[in-house]
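These are the residues of each chain, in order.
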Amino acid sequence: MASRLDQKSTFKDGKTQCEKMCVVLNSPVGRIEISGCSTGVHRIQLHGSALPPSSTMEALVSCEVCEAPEEMTEPLKQCAAWLQAYFCEPWMTEKLPMPPFHHPLLEQASFTREVLWILLRDVKFGEAVSYKQLADLAGNSKAARAVGGAMRSNPIPIIIPCHRVICSSGQAGNYTGGSHLKEWLLSHEKLQKEKLAY
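Residues numbered from 1 in each chain as written. Predicted model: local features only at pLDDT ≥ 70, side-chain atom pairs only at ≥ 80, totals over all residues. Heavy atoms only, no water.

Participant: Talk me through the overall build of the protein chain; I want residue IDs and the actual numbers.
Facilitator: Scanning the protein chain from N- to C-terminus turns up six helices and seven strands. Within the protein chain, buried positions represent 47% of all 198 residues. Taking all contacts inside the protein chain whose residues are at least 6 apart in sequence as the whole, residues at least 24 apart take part in 59%. A total of about 10,200 Å² of accessible surface is found on the protein chain, and carbon and sulfur atoms cover 51% of it. (Helix = DSSP H or I, 4+ residues; strand = E, 2+ residues; numbered from the N terminus. Buried < 20%, exposed > 50% of the residue type's maximum accessible area, 1.4 Å probe, protein only. Contact = heavy atoms within 4.5 Å. Areas by Shrake-Rupley, 256 points an atom, 1.4 Å probe, with all protein chains shown as cover.)

Participant: Describe the nonpolar core, with residues and values.
Facilitator: Ranked by internal contacts, the top residues of the largest apolar core, which has 46 residues, are I34, L83, F87 and M151. Those elements that place two or more of their residues in this core are strand 2 (17–27), strand 3 (30–36), strand 4 (41–47), helix 1 (74–88), helix 3 (111–122), helix 4 (131–137), helix 5 (144–153) and helix 6 (179–197). Those residues in contact with L83, other than ones at most four positions away along the chain, are L25, I32, I34, I44, C63, I158 and I159. (Core = buried A, V, L, I, M, F, W, Y, C linked by side-chain atoms within 4.5 Å.)

Participant: Tell me about helix 1, and please be specific about residues and values.
Facilitator: With 15 residues, helix 1 should reach 21 Å at 1.5 Å per residue; the first-to-last C-alpha distance of 21 Å fits that figure. Turning to helix 1, its buried residues number three or more, namely P75, L76, Q78, C79, A80, W82, L83, A85, Y86 and F87. Looking at the buried positions of helix 1, the neighbouring elements they touch are strand 2, strand 3, strand 4, strand 5 (64–67) and helix 6. (Expected span 1.5 Å × (residues − 1).)

Participant: Give a detailed account of the side chain of K182, specifying residues and quantitative values.
Facilitator: Inspection of the secondary structure puts K182 in helix 6. The side chain of K182 sits in the buried core without any salt bridge; E183 is the nearest counter-charge, 8.7 Å away. One polar contact links the side chain of K182 to the main-chain carbonyl oxygen of N174, over a distance of 3.1 Å. Setting aside anything within four residues of it in sequence, one finds K182 in contact with Y131, C162, H163, V165, I166, A172, G173, N174 and Y175. (Lys, Arg positive; Asp, Glu negative; His and termini not counted. Salt bridge = Lys/Arg side-chain N within 4 Å of Asp/Glu carboxyl O. Polar contact = N/O pair within 3.5 Å; in protein donor to acceptor, adjacent residues only side chain to side chain.)

Participant: Residue-level account of the packing of helix 3 against helix 5, with values.
Facilitator: Orientation of helix 3 relative to helix 5, taken along the N-to-C sense of each, is 80°, at an axis distance of 9 Å. It follows that helix 3 is roughly perpendicular to helix 5 by the angle criterion. Facing helix 3, whose interface residues are F111, T112, V115, L116 and L119, helix 5 presents A146, V147, A150, M151 and S153. Class assignment for the residues of the contact of helix 3 with helix 5 results in eight nonpolar, two polar and no charged. (Axes fitted to C-alpha atoms, helices over the stretch in contact; angles between N-to-C directions. Parallel < 35°, antiparallel > 145°, perpendicular 65-115°, else oblique. Nonpolar A, V, L, I, M, F, W, Y, C, P; charged D, E, K, R; others polar.)

See below:
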């Protein structure tokens, strides 16, 4: 299949040059593009729109690689496998290795990095947390607005589950991919968690 190989990526610090590869998945939420190098995943980009939350959630969910380099790096393989499991067999994500990340935002100490790591570590599949609760977990109860900024900056959506951060009112709130996409992901997780409870 076609691939975009050998793109040089230089981060702001000027230190890191990568041979970037891209993998594209067709998923229930549209096309997902994963970019990364042999060190780790740089970014996950969501393209397209989700199915509306409804009885279509019961339909067989599939997530297939539609574009990939012939020699895929291990982090990209792990990321693609993790995303496929998330949509098709979510209980497997706990058993799969988390792909390494290689993005400056996740490597340099900052409030955003701290919040994203706490979210990844502490807010599990099928759970939700408010912006204020996440600010509390990060040790700054007055930083709910900064938490919102951290969610907007998240380079690895779905795996770092910024869709699980909602308003204190219970409303889904904003999402880079659109509120309909956030609602679909939350509904998907709720439905899968209910199935596992039986």
